[in-house]
Structure formats: structure tokens, C-alpha cells
Amino acid sequence: MRFLLARLRGVAVGCGGVALFPDFAEVKRMYVRDSARRRGVADAILARIEAEVRGAGLSVLRLETGVHQVAAIRFYARAGFRECPAFGAYTLMPPHSIATSVFFEKRFGV
């Protein structure tokens, strides 16, 4: 797992985490403080995550978010992610456990 911290003028305003697996990577966490939103922080965190994934020789980045996370869904769609089926450990969960989950993936060249 790799964790990233975004700062503006020395103050932590966002973070991200990515888990690297043999055949894909997964965004495990992304957060930007309300006061820092619409300032490019999320784009910068995601760009750094994608660079980590490419640097690891992987070409698929996946994530899970919730159906009620409308802003997150819009952000990931705008960043080139497309909905996909459940993946990894999520495929082993009972359907009711992931009923409000939305899964995304983005493919890119290494």
C-alpha cells in the first residue's frame, strides 16, 4: 500500500492510497478537505496515484465507491474511469454487502 499526502502552503489538505496487486492496482482512499476542493488537489492526487501504478508496470487501476458519492462518481468518470464489475476481494462478498457499491476501472499503457 502506498499513501500520498497533498499540502497547500504546508497544510495537509488531501490524501490518497493505492494498493498494488499482481495484475491491477486499486485506489483504496481519496479525500480532499472541503476548503481545498475545486483547486486541482484531487486531480493532482489521482495523477500521482496513476504515476505510481504505471511505475509499478501495471495498466489497470480500479476502485470502489458508493452510489451516494455523487461527486466522487462524477470525478472518476471525468478522469476516464468506466464502470466495471466487482473485482478482487469484492467478488467474494455476499451481494448485500456490496449492494450500494459502484466499481470503476481505468486502463492505460505502461
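Draft legend 1. View of the pairing of strand β6 (residues 101-107). The buried fraction of β6 amounts to six of the seven residues, a majority that puts the element mostly inside the structure. Bridging between strand β4 (residues 60-66) and β6 involves seven bridges; their strand directions are antiparallel. Within β6, the position partnered with T65 by the bridge is V102. Strand direction decides the pairing type here: strand β5 (residues 82-83) and β6, joined by two bridges, are antiparallel. Pairing of E83 across the sheet is with F104, part of β6.

Draft legend 2. Summary view of the packing of aromatic side chains. Counted by the stated rule, this structure contains seven aromatic pairs. Judged by centre distance (5.5 Å) and plane angle (75°), the rings of Y76 and F81 are edge-to-face. Within the aromatic cluster, the residues linked to one another by ring pairs are F21, F24, F87, Y90 and F103. The ring of F108 is capped by R54, whose NZ or CZ atom sits 4.2 Å from the centre of that ring. Above the ring of F24, the side-chain terminus of R62 is found at 4.8 Å from the ring centroid.

Rules used throughout
Every chain begins its residue count from 1, and numbering advances along the sequence as written. In keeping with the predicted nature of the model, local features appear solely for residues at pLDDT of at least 70, side-chain atom pairs appear and are counted solely at 80 or more, and the whole-chain, interface and lining totals rest on all residues. Side-chain numbers here rest on the full set of heavy atoms in the structure, without hydrogens or water. Each residue gets one of three labels from its accessible area relative to the maximum for its type: buried under 20%, exposed over 50%, partly exposed in between, using a 1.4 Å probe on protein chains only. In this text, helices come from DSSP runs of H or I with a minimum length of four residues, and strands from runs of E with a minimum of two, each type numbered from the N-terminal end. We treat two strands as partners when DSSP finds at least two bridges between them. Working definition: rings of Phe, Tyr and Trp (its six-membered ring) pair if their centres are within 6.5 Å, and the pair is stacked with planes under 30 degrees apart, edge-to-face with planes over 60 apart, and tilted otherwise. Only when the NZ atom of a Lys or the CZ atom of an Arg is both within 6 Å of the ring centre and within 35 degrees of the ring normal do we say a charge sits over the ring.

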